[in-house]
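So you can see what is in the structure, the chains are spelled out below.
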Amino acid sequence: DVPGHSHGFRALAASGDLVYCSNSDIQLYMDPKNKTLTTLKHLFVEMAQLFDEELFHLGCDETGTPGDCSLASTKQLEVELIKHISSIGKTPVGWEEVLYSTAAASKSTVIDAWNHHNSGQSTGLGYHSIDSSQDSFYLNYVTLSYEHQWVDIAAGMDDKQRALLLGGEISMWTDNYCYITQCTRPGSPVAHWMFNRTQDATFLQSIGGMVWPRGIAAAGSFWNYDASLSATSAEFLSRYYAQNDRLAARNIAVCPNGCKCDEVSRCGKPYPQLHDSHDHQQHSPRFVV
């Protein structure tokens, strides 16, 4: 994720290959010597060779103007990266801010709508779009029940807009598992102890229970939404539970039918800590995204 949320590149900053905005270790700076741009270009070429997918998601969300970073410099960095992604045969994707905040999006950029704007707005402007509404498809929001995931993502769109809508995206953000300042915010989040490698088995059950079965309803919305089928109907629940049972039968970690699960509990019972995990330096950490 660039140029914001770029904590993972800090080692490159120490070597002088990347430059962050002054007073920030989160957002990258379009420095006058183009160190940041040059390094990211090399990195993206390497990444593009690893994956066959057409789409290449840059991020471009939640940037600001810390220190010497201005809106103009951030836009310049994003514009150059979008050009670069297109030049290596990929289609650039960015969160909605690449269109509405920095206005760096080219007409070939796919807009990933998630917060203040929706896919109806971006398709209305002529952009291919993805619906990632946090009000429906952010599974880390445990208060969102499966009824929230069963929605028509093309509601209100005309035929031209529907042709531009590529589909939807489910996000399961794992800030609550990060022991280092909650990735972006200070403090120890509720499931920070699962970040340790000794807790991998518990983490698997926890993350699985957060994604399934709610992800089933979202997938149904993306692939075969049926307005005549109410999410509160017995028929819907029958299909929903049956699919969850199929996943469980394949040894996929799920939240059991009729239960409530969050990061630290399953069906009302807290997940056990298998070992002492207070000293995170004793074990190689897992990066959760």
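Asks: Let's hear about the overall build of the protein: which residues, and what values?
Replies: If you tally the helices and strands in the protein, you get 11 helices and 7 strands. On C-alpha atoms alone, the protein measures out to a radius of gyration of 21 Å, which is about the 19 Å that the 2.2 N^0.38 rule sets for 289 residues. With the C-alpha coordinates of the protein rotated into their principal frame, the extents come out at 60 × 55 × 30 Å. When contacts within the protein are restricted to residue pairs at least 6 apart in sequence, those whose partners lie at least 24 apart make up 59%.

Asks: I'd like a description of the packing of aromatic side chains, backed by residues and values.
Replies: Here the structure, examined in full by the defined rule, presents 14 aromatic pairs. Where Trp114 meets Tyr138, the ring centres are 6.0 Å apart and the plane angle is 0°; that geometry is what we call stacked. Here Tyr138 lies in the loop between helix H6 (134-137) and helix H7 (146-149) and Trp114 lies in the loop between strand S3 (110-113) and helix H5 (119-124), a separation of 24 residues in the sequence. Comparing Trp114 with Tyr138, the two get one shared label, buried. An angle of 15° between the planes, with centres 5.8 Å apart, marks the rings of Tyr146 and Phe236 as stacked.

Asks: So, the nonpolar core: which residues are in play, and what are the values?
Replies: The biggest cluster of nonpolar side chains holds 23 residues, and the ones touching the most others in it are Val2, Leu28, Leu40, Phe44, Leu58 and Leu81. Elements represented by at least two residues in this core include exactly helix H2 (35-50), strand S1 (55-59), helix H3 (71-87) and helix H4 (97-100). For Leu58, the contacting residues outside a window of four places in its chain are Asp1, Val2, Phe44, Leu81, Ile82, Ile85, Pro92 and Val93. With 11 residues, the next largest nonpolar core counts Met172, Met194, Met210 and Tyr271 among its residues.

Asks: Explain the state of the cysteines residue by residue, including any values.
Replies: If you walk through the whole model with that rule in mind, you get 3 disulfides. One disulfide bridge connects Cys21 with Cys69, the sulfur atoms lying 1.9 Å from each other. Disulfide Cys21-Cys69: the torsion about the S-S bond is -85°, which places it as left-handed. Of this pair, Cys21 sits in the loop between helix H1 (10-14) and H2 while Cys69 sits in the loop between S1 and H3; the two residues are 48 residues apart in sequence, bridging distant segments of the chain.

Asks: Please give an account of unusual backbone geometry that cites residues and values.
Replies: Cis peptide bonds are those with omega within 30 degrees of zero, and the linkage from Val2 to Pro3 qualifies with -5°. Inspection of the secondary structure puts Pro3 in the segment before H1. For the peptide bond that leads from Trp212 to Pro213, omega is 15°, which places it in the cis range. Tracing the backbone through its elements, the reader meets Pro213 in the loop between helix H9 (200-211) and helix H10 (214-224).

Asks: Any chance you could break down the environment of Asn115 for me, citing the residues and the numbers?
Replies: Mapped onto the fold, Asn115 is located in the loop between S3 and H5. Look at Asn115 and you get partly exposed, because its relative accessible area is 27%. It is 6.2 Å that separates the C-alpha atoms of Asn115 and Ser133, two residues lying 18 residues apart in sequence. In this structure Asn115 touches Glu96 and Gln134, once residues within four positions along its chain are discounted. In this structure the side chain of Asn115 is engaged in a polar contact, spanning 3.3 Å, whose partner is the side chain of His116.

Asks: Which residues make up the confidence of the model for the protein, and what values go with them?
Replies: Chain-level statistics for the protein give a pLDDT mean of 92 and a share of 92% at 70 or above. Below pLDDT 50 for its whole length, residues 279-289 participates in 25 contacts with residues either more than four positions away or in separate chains.

Asks: Give a detailed account of H3, specifying residues and quantitative values.
Replies: Along its 17 residues, H3 runs 24 Å from first to last C-alpha, staying within 8% of the 24 Å computed at 1.5 Å per residue. On its buried side, H3 packs onto H2, S1, strand S2 (91-95) and H4. Where H3 ends, the next residue or the one after it, Gly89, has phi of about 85°, a positive value.

Asks: Explain the packing of H10 against helix H11 (residues 234-249) to me, using residue names and the numbers behind them.
Replies: H11 packs onto H10 with a crossing angle of 115° between their chain directions and a minimal axis gap of 9 Å. By crossing handedness, the relation of H10 to H11 is classed as right-handed. Along its contact with H10, which presents Arg214, Ile216 and Ala217, the element H11 presents Phe236, Tyr240, Gln243, Asn244 and Leu247. Looking at the contact of H10 with H11 residue by residue, the classes come out as 5 nonpolar, 2 polar and 1 charged.

Asks: Pulling in residues and values, what's your account of the environment of Ala163?
Replies: Looking at where Ala163 falls in the secondary structure, it is placed in helix H8 (residues 159-164). A relative accessible area of 58% means that Ala163 is categorised as exposed. Once the C-alpha coordinates of Ala163 and Thr123 are considered, the two residues, 40 residues apart in sequence, prove to be 8.8 Å apart.

Calculation notes
- Residues numbered from 1 in each chain as written.
- Predicted model: local features only at pLDDT ≥ 70, side-chain atom pairs only at ≥ 80, totals over all residues.
- Heavy atoms only, no water.
- Helix = DSSP H or I, 4+ residues; strand = E, 2+ residues; numbered from the N terminus.
- Rg over C-alpha atoms; globule rule 2.2 N^0.38 Å.
- Contact = heavy atoms within 4.5 Å.
- Phe/Tyr/Trp six-rings, centres within 6.5 Å; stacked < 30°, edge-to-face > 60°.
- Buried < 20%, exposed > 50% of the residue type's maximum accessible area, 1.4 Å probe, protein only.
- Core = buried A, V, L, I, M, F, W, Y, C linked by side-chain atoms within 4.5 Å.
- Disulfide = S-S within 2.5 Å.
- Polar contact = N/O pair within 3.5 Å; in protein donor to acceptor, adjacent residues only side chain to side chain.
- pLDDT = per-residue confidence, 0-100.
- Expected span 1.5 Å × (residues − 1).
- Axes fitted to C-alpha atoms, helices over the stretch in contact; angles between N-to-C directions.
- Left-handed = near helix turned anticlockwise from the far one by under 90°.
- Nonpolar A, V, L, I, M, F, W, Y, C, P; charged D, E, K, R; others polar.

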